[in-house]
Amino acid sequence: MRAELGLARTTLTEAAEHTEDLLSILPVPADRTPEQRAEAAAALDAVRALRAAFLDAHVDEVYDELTDGRTRYLRVAELAEAAAKAFPGLVPGADRLAVERANVQAEKEGLEIDQGIFFSKVLGSARSGSHLMDAMLRPTPRALGLLPEFTETGFADLGSVRLERTGAVARLTMCRVDSLNAEDDQQIDDIETAVDLALLDPSVEVGLLRGGEMTHPRYRGRRVFSAGINLKSLHRGGISLTDFLLRRELGYIHKILRGIRLDGTGWRPSVVEKPWTAVVDSFAIGGGMQLLLVFDEVLAASDAFFSLPAAAEGIVPGASNFRLSKAVGPRVSRQVILGGRRLWATEPETAGLVDEVHEADQLDAAAERSVQRLRGQAVLANRRMLNLADESVDEFRVYMADFSLQQALRLYSSDVIDKVGRFSAPKRAGADD
């Protein structure tokens, strides 16, 4: 098998180099003629078919080599970079990605599709995929570095997220006050760090997530939960597959559901988990609504609404396609995801998504009652068993394997590129929002 892997590696590298040479003499994607686009597409399809076949035959060998026999825990971005160095031509390296990310979406070659193929195959393997899932549940180096100060002071200002411990409650406040808490790569890093700190701090028993007061003109002085993905970053090509789309689902959202993994110290579970409450003011759009599906209790203002406009944006709404039907039923789930239906907090169909609805001036008191309920001694054991019954880790892994490729393809599909062009035109003329 080792000899077969070596020959396959060489063949893949040579084919990838040939494709790169062809693409290098063509204009950038946005400037290509129809004939040149067809030529580039054919070359890319051929080498991608070879990558997929290579991974079908060798994915566990590749993963074992990259992780030293699964003794190293590499996160998705680290794993992709290690694969680029050890298996030239399998996935793009950091230098090529940096050049690509400097371009708007319409001018990109679509290198992240190769990452999508890679992660689809890795996550599709029960052996390698399970190890990667565990790697993504481990605390980040940034959180470990900040932990001593946070445990001492009970406060951390991470930029887009503010974390404060009061009593046994870790209060995470999303504070992208000018963009309605729209998510980008930086906010993903900040919120995962905050979740890690809340889980690692032994004084914390419950986590509470809420949006802060906005300075955005339309919502100045009002709390907002989340506007979802930052469309400005998406259209400018600043939303990455590894650092945003995969890290978000496999990182902090999965940690809220499953907890964080630590090195085992005996027979007890090597997982630290805690119950979580979310409080929704104004709205939870896109990623904000996705997030609610892993919380133990969700409270909402009576005038709040929820929506998943990802289909209109041209992308897949994270793991909502996997989880939403269990919350609101298959028909309503399709109406929301496929038809763009907006759900209001007071609608009966929202009962599977929201536990309590209150007038805005009553939310503070309701949130305090919620976190006190979740401090019960048997809560942790029972939430763990409920989560295992509702969603097995293996089912989620299989979903994420397909998501990795489907989302990468969506990012570079013609309808998304067309939306990108329309969005970018005012910006290039000097307008901004």
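Reference entry: report on the structure contained in this document. Per-chain numbering applies: the sequence of each chain, read as written, is numbered from 1 onward. Totals for whole chains, interfaces and linings use all residues, but because this is a predicted model, local features are given only for residues with pLDDT of at least 70 and pairs of side-chain atoms are given and counted only at 80 or more. For the side-chain quantities, the full set of heavy atoms in the structure was used; hydrogens and water were omitted.

1. Considering helix α13 (residues 320-328)
Spelled out, the test is: Type-normalised accessible area, obtained with a 1.4 Å probe on protein chains alone, sets the label of each residue: buried when under 20%, exposed when over 50%, and partly exposed for intermediate values. Secondary structure elements are defined from DSSP: runs of H or I of at least 4 residues count as helices, runs of E of at least 2 residues count as strands, and each element is numbered from the N terminus. What makes two residues a contact is simply this: any of their non-hydrogen atoms within 4.5 Å.
Looking at α13, one finds that the buried residues are S320, F322, R323, L324 and V328. Of the surrounding secondary structure, the elements contacted by the buried residues of α13 are α10 (241-258), α11 (287-292), α14 (330-337) and α17 (393-411). Downstream of α13 by a residue or two, G329 has a phi angle that is positive, lying close to 95 degrees.

2. Remarks on the sheet that holds strand β7 (residues 276-280)
By definition, the strands of a sheet pair up through backbone hydrogen bonds, in either a parallel or an antiparallel sense. Here is the rule we go by: One requirement defines pairing of two strands: DSSP has to find at least two bridges between them. Axis definition: a line fitted to C-alpha atoms, over the contacting stretch in the case of helices. Angles run 0 to 180 degrees between N-to-C directions.
Taken in spatial order, the 7 strands of this open sheet run β1-β2-β3-β4-β7-β9-β12, and their pairing is mixed. Only two strands of the sheet have a single neighbouring strand rather than two, namely β1 (155-157) and β12 (356-358). Here the strands of the sheet are splayed against their neighbours by 15 degrees on average, with no regard to which way each runs. Sheet topology places strand β4 (residues 206-211) next to β7; 4 bridges connect them, and they run parallel. The residue of β7 that forms the bridge with L209 is A278. In the packing of helix α15 (residues 363-373) onto the sheet, the strands contacted are β3 (169-174), β4, β7, β9 (297-301) and β12, and the crossing angle to β9 comes to about 175 degrees.

3. Quick word on the packing of aromatic side chains
Convention followed: Aromatic pairs are defined between Phe, Tyr and Trp rings, using the six-membered ring for Trp, whenever the two ring centres lie within 6.5 Å; interplanar angles under 30 degrees are classed as stacked, those over 60 as edge-to-face, and all others as tilted. Cation placement over rings: the criterion is NZ of Lys or CZ of Arg within 6 Å of the ring centroid and within 35° of the ring normal.
Per the counting criterion, the structure on display carries 9 aromatic pairs. Consider the rings of F118 and F119, whose centres lie 5.1 Å apart with planes at 70 degrees: the pair is edge-to-face. Classification of F118 by relative accessible area gives buried; the value is 1%. Ring pairing ties together the aromatic residues Y219, F283, F305 and W344, which thus form one cluster. One residue, R138, lies across the ring of Y73, its end atom 4.1 Å from the ring centre. Over the ring of F150 we find R165; its NZ or CZ atom is 5.6 Å from the centre of that ring.

4. Considering the sheet that holds strand β11 (residues 343-344)
Taken in spatial order, the 3 strands line up as β8-β10-β11 in an open sheet, and their pairing is mixed. Edge positions in the open sheet fall to β8 (283-285) and β11, since each of these has one partner strand only. By the bridge criterion, 3 bridges tie β8 to strand β10 (residues 305-307) in an arrangement that is parallel. Residue pairing for β10: F283 is matched across the bridge by F305.

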